[in-house]
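Summary of structural features
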Amino acid sequence: MWDFSKGYRIFQSSTPGSFKVMAYFKNKWVKSGWKELYLTQNLIAYDVIFEVDRVMKKRFFRYKTFHAFALAKKIKVVGDSELKDIYTANYREVTYKPKKFHHFVDKETDEPILKASSVIMSMGKTKNK
């Protein structure tokens, strides 16, 4: 059974330009944990916290594991036409540089980004407001 009360974990996918969305799955017959829900190119996430799993980051340099993600309370998968109608001038691009920082940063200023009220994820790029 899906438990959406824990929110959604959103990772940059190994598929170019895509995002992997995971939700918590709990079942007495199957091991509980975060399971993949969608693989999408465009989505809008609300009430987002940017997180880095420090234990998994240590393994990242050797095994290329997923360890940095956005934890969102609510998401909306959108199409290209719907995305073009959104005014994005006041959104700033967010990036994660594992060799340089322990957190997500603003792409232009390198200032830490820990939370955002809304985030647009499209074609492999992440922008926050």
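As shown above, the structure is provided for reference.
Residues numbered from 1 in each chain as written. Predicted model: local features only at pLDDT ≥ 70, side-chain atom pairs only at ≥ 80, totals over all residues. Heavy atoms only, no water.

1. Re the side chain of Ser18
With respect to the helices and strands, the residue Ser18 is situated in the loop between strand E1 (2-12) and strand E2 (19-25). In this structure Ser18 touches Gln12, Ser13, Leu39, Thr40, Gln41 and Gly124, once residues within four positions along its chain are discounted. (Helix = DSSP H or I, 4+ residues; strand = E, 2+ residues; numbered from the N terminus. Contact = heavy atoms within 4.5 Å.)

2. Details of the nonpolar core
Core analysis: the biggest nonpolar cluster contains 21 residues, and Ile10, Leu43, Ala45, Phe50 and Ile75 have the highest contact counts within it. Of all elements in the fold, only E1, E2, strand E4 (42-52), strand E5 (68-77), strand E6 (92-96) and strand E9 (115-122) reach the threshold of two or more residues within this core. The leading source of residues in this core is E4, at five residues. Residues Ile44, Val78, Leu83 and Tyr91 belong to the second largest nonpolar core, which totals five residues. (Core = buried A, V, L, I, M, F, W, Y, C linked by side-chain atoms within 4.5 Å. Buried < 20%, exposed > 50% of the residue type's maximum accessible area, 1.4 Å probe, protein only.)

3. Points about the sheet that holds E4
Strand pairing within a sheet occurs via backbone hydrogen bonds; the two strands may be parallel or antiparallel. The strand order across the open sheet formed by ten strands is E3-E2-E1-E5-E4-E9-E10-E6-E7-E8, and the pairing between neighbours is antiparallel. The open sheet terminates on both sides in strands that have one partner only, identified here as strand E3 (33-40) and strand E8 (112-113). In terms of strand pairing, E1 meets E2 through seven bridges, oriented antiparallel. Note on E2: the bridge partner recorded for Asp3 is Tyr24. (Pairing = 2+ DSSP bridges.)

4. Details of unusual backbone geometry
Positive phi is not limited to glycine here, since Asp110 has a value of about 60°. By secondary structure assignment, the location of Asp110 is in the loop between strand E7 (104-106) and E8. For Met123, which is not glycine, the phi dihedral falls at a positive 50°. Mapped onto the fold, Met123 is located in the loop between E9 and strand E10 (125-128). Among the residues examined, Met123 registers a relative accessible area of 49% and is labelled partly exposed.

5. A look at the pattern of salt bridges
Tallied over the full model, the rule gives six salt bridges. We note a salt bridge from Asp106 to Arg92, for which the minimum N-O separation is 2.7 Å. Taken together, the residues Asp106 in strand E7 and Arg92 in strand E6 connect sequence positions 14 residues apart. In this structure Asp106 comes out as buried when scored by relative accessible area, which is 6%. In this structure Arg92 comes out as partly exposed when scored by relative accessible area, which is 35%. Close ionic contact of Lys97 with Asp110 constitutes a salt bridge, the shortest N to O distance being 3.2 Å. Residue Lys97 is located in the loop between E6 and E7, and its partner Asp110 is located in the loop between E7 and E8; the two are separated by 13 residues in the primary sequence. What you see here is one network of salt bridges that share partners, running through Arg92, Asp106 and Glu108. (Salt bridge = Lys/Arg side-chain N within 4 Å of Asp/Glu carboxyl O.)

Function cannot be inferred from these measures alone, as they are strictly geometric.
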